[in-house]
Amino acid sequence: MTAQGAPSALTCEACGAGITSDARFCEACGADLPGEPTRVPASLTGADPATAAAQAPPPAACRECGGAVDDDGYCTTCGTKAPRERDHFIETPQAWVAGVCDRGIRHSRNEDAMALDADPAPGGRAVLVVCDGVSSSLDSDVASLAAARAARAVLLSSRAQGVGTGSALVAAIGARLTAATDAASEAVVATTRPDHAASPPSCTFVAAVVEGDLVVAAVVGDSRAYWLPDAGPAVALTVDDSVAAVQIAAGTPREVAESGPQAHAITRWLGIDAPDHAPRLTSVVVTDPGWLVVCSDGLWNYCSEAQALAELVRATAAGAAGEPLATASALVDWANAQGGHDNITVALARLGG
């Protein structure tokens, strides 16, 4: 995705679409563009992402042939590029909540990130956060991971207990989500360095909190949350901050707006150059079994409308025996099979039985 208003003075050599001078890949066709070497956190398991911006060490052996992997990340025997820890990772805090974050096919690095947590008992409390780095910004992979983890930390620091139910509970969780968005924004700003110049790190943000039968979601940008019941109408819990969303609201058909030249231009994001980061808040009460889906545009690009996504998730879950991690993995595989033009993050919670 790109931030609205970024200059477009160059063209992609692969498809001829306009690109910004500091873009890492073409938003139209996904072709990689020349740029700085990837900078990623040293570890996905606890290092401070705001300061750990060095590349993760390459694997000791090539997964293709077993040969030695050189310092440049390529096998000295067969020449295959070794995957980085950041390219593909999963989180399974509990059996009923899981997520998969994947580089996709066309990009040279994974700028998506996620941070999940859940109570042991299914249908208890869960936190799902997904951030998608803005492609035209520098070190957006560092920023997205920093933001996701910072938000999760805030959401886990307290629980909305003793505040009753209904609107009072929604307001309490909404306040925590707003505080989590503030923390995510601060984490992104903390990754910014003087040499980032006119392209400071930035990312989108979406988070959902489950408290029993209540789901409250917050969004800045165009990552999304959906409630997809096994039966009945599916619900998009978030509305994008994007040019395409403005066009849809004005009457442009969704399929036209989301495939147009500004389909991935966002109007709000997290970062030092963001116009504002106050999240949009929505809530839904879960009355029947179904799936909470929190994802980046690497998935919904190929299946945007809520009911169509519900049908895809139901079919995918049926083929995965209803297991959240297997379902999330299969959805990522499906998105890659459609072309994998973007990084893909799918986080799922199985609710209502």
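Given the structure is predicted, the values throughout are model-derived calculations rather than measurements. (Residues numbered from 1 in each chain as written. Predicted model: local features only at pLDDT ≥ 70, side-chain atom pairs only at ≥ 80, totals over all residues. Heavy atoms only, no water.)

### Focus on the sheet that holds strand β5 (residues 97-102)
Inclusion rule: Two strands are counted as paired when DSSP detects at least two bridges linking them. Helical segments are the DSSP runs of H or I of at least four residues, strand segments are the runs of E of at least two, and each set is numbered from the N terminus. Residue contacts are defined here by distance: any two heavy atoms, one from each residue, within 4.5 Å place the two residues in contact. Only the contacting stretch of a helix is used when fitting its axis, a line to C-alpha atoms as for every element, and angles between N-to-C directions run 0 to 180 degrees.
Read from one edge to the other, the open sheet built from 6 strands follows the order β4-β5-β17-β16-β11-β12, with strand pairing classed as antiparallel. The outermost strands of the open sheet, each flanked by one partner alone, are β4 (88-94) and β12 (235-236). Summarising the sheet, β5 and strand β17 (residues 344-351) pair through 6 bridges and their orientation is antiparallel. Bridge pairing links C101 to T345 in β17. The strands touched by helix α6 (residues 306-319) are β11 (224-229), β12 and β16 (290-295); relative to β11, the strand with the most contacts, the crossing angle is about 65°.

### Side note on the packing of aromatic side chains
The relation between two aromatic rings is expressed through the spacing of the ring centres and the mutual angle of the planes. Convention followed: Ring geometry is summarised as follows: Phe, Tyr and Trp rings, the Trp one being its six-membered ring, pair when their centres sit within 6.5 Å, and such pairs are stacked at plane angles under 30 degrees, edge-to-face over 60 and tilted between the two. In this scheme, Lys NZ or Arg CZ marks a charge over a ring once it lies within 6 Å of the ring centre and within 35 degrees of the ring normal.
One pass over the full model with this rule turns up 1 aromatic pair. We note R224 situated over the ring of W300; from NZ or CZ to the ring centre the distance is 3.4 Å.

### Some points on the pattern of salt bridges
The cut-off we apply is this: Definition used for salt bridges: Asp or Glu carboxyl oxygen within 4 Å of a side-chain nitrogen of Lys or Arg. Between buried and exposed lies partly exposed: a residue is buried under 20% and exposed over 50% of the maximum accessible area for its type, with that area taken using a 1.4 Å probe on protein chains only.
Under the criterion given, the structure shown has 14 salt bridges. Its salt-bridge partner being D195, residue R193 comes within 2.9 Å of it at the nearest N-O pair. A salt bridge links D230 to R350, with the shortest nitrogen-to-oxygen separation between them at 2.5 Å. Residue D230 is found in the loop between β11 and β12, and its partner R350 is found in strand β17; the two are separated by 120 residues along the sequence. Classification of D230 by relative accessible area gives partly exposed; the value is 33%. Several salt bridges share partner residues, and in doing so they unite R224, D240, R254 and E258 into one network.

### A word on the nonpolar core
Most often, soluble globular proteins keep nonpolar side chains buried together rather than apart. What counts, and what does not: Buried Ala, Val, Leu, Ile, Met, Phe, Trp, Tyr and Cys residues form a nonpolar core when they are joined through side-chain atoms within 4.5 Å.
Core analysis: the biggest nonpolar cluster contains 28 residues, and V129, L177, F205 and L270 have the highest contact counts within it. Listing elements by their share of this core, those giving two or more residues are β6 (112-118), β7 (125-132), α1 (140-157), α2 (167-190), β9 (205-211) and β10 (214-220). Excluding its chain neighbours within four sequence positions, the residues that come into contact with L177 are L155, A207, V209, V216, A217, A218 and L281. Judged by nonpolar contacts, the second largest core, of 26 residues, contains V130, V215, A217 and A349.

### Notes on the pairing of β16
Within β16, 6 of the 6 residues are buried, which leaves it mostly tucked inside the rest of the structure. Pairing of β11 with β16, which is carried by 6 bridges, proceeds in the antiparallel orientation. Note on β16: the bridge partner recorded for L228 is W291. Here β16 runs beside β17; their pairing, made up of 6 bridges, is antiparallel. When the sheet's bridge partners are listed, C295 is paired in β17 with V346.

### Remarks on the side chain of T204
Keep this limit in mind: Two N or O atoms form a polar contact when they lie within 3.5 Å of each other; inside protein one atom must be a possible hydrogen donor and the other a possible acceptor, and for residues adjacent in sequence the pair counts only when both atoms belong to side chains.
In this structure, T204 sits in the loop between β8 (202-203) and β9. Judged by relative accessible area, T204 falls into the buried class, the value being 0%. A distance of 2.9 Å separates the side chain of T204 from the side chain of S223, its partner in a polar contact.

### A closer look at the pairing of β5
For β5, the tally of buried residues reaches 6 of 6 residues, placing the bulk of the element in the interior. Across the two faces of β5 the burial is the same, with V97, G99 and C101 and A98, V100 and D102 all buried. Where β4 lies against β5, 5 bridges are found, and the strand directions are antiparallel. Within the sheet, the bridge partner assigned to E91 lies in β5 and is G99.

### Focus on the packing of α6 against helix α7 (residues 324-337)
Quick reminder of the rule: Between 65 and 115 degrees an angle is taken as roughly perpendicular, under 35 as roughly parallel, over 145 as roughly antiparallel, and anywhere else as oblique. Whether a crossing is left-handed or right-handed is set by the direction in which the near helix is turned from the far one by less than a right angle, anticlockwise for left-handed and clockwise for right-handed. All amino acids are sorted into three groups, where Ala, Val, Leu, Ile, Met, Phe, Trp, Tyr, Cys and Pro are nonpolar, Asp, Glu, Lys and Arg are charged, and the leftover types, Gly among them, are polar.
Look at α6 against α7: their axes get within 9 Å of each other, and the N-to-C directions meet at 120°. For the element pair α6 / α7, the angle class is oblique. Remark: the crossing between α6 and α7 carries right-handed chirality. Here α6 contributes L312, V313, T316 and A317 to the contact with α7, which in turn contributes T327, A330, L331 and W334. A per-class count over the contact of α6 with α7 returns 6 nonpolar, 2 polar and no charged.

### Looking at the confidence of the model for the protein chain
Rules: Note on scores: pLDDT gives the predictor's confidence for each residue, bounded by 0 and 100.
Considering every residue of the protein chain, the mean pLDDT works out to 85; 81% of them sit at 70 or more. In this model, residues 34-43 is a region of pLDDT below 50 whose contacts with residues beyond four sequence positions or in other chains number 35 contacts. Counted against residues more than four places away or in other chains, residues 45-58, with its pLDDT under 50, gives 35 contacts.

### Observations regarding unusual backbone geometry
For D139, which is not a glycine, the phi torsion comes out positive at approximately 55°. Inspection of the secondary structure puts D139 in the loop between β7 and α1. Unusually for a residue other than glycine, A321 sits at a positive phi of about 60°. With respect to the secondary-structure elements, A321 resides in the loop between α6 and α7. Relative accessible area serves as the criterion here: at 76%, A321 is assigned to the exposed category.

### Things to note about the sheet that holds β9
Within the open sheet, the 5 strands sit side by side as β6-β7-β9-β10-β15. Their pairing is antiparallel. Both edges of this open sheet fall to β6 and β15 (280-285), since each of them pairs with a single strand only. Neighbour-to-neighbour, the strand axes of the sheet open up by a mean angle of 10°, direction not taken into account. α1 contacts β6, β7 and β9 of the sheet and is inclined by roughly 160° relative to β7.

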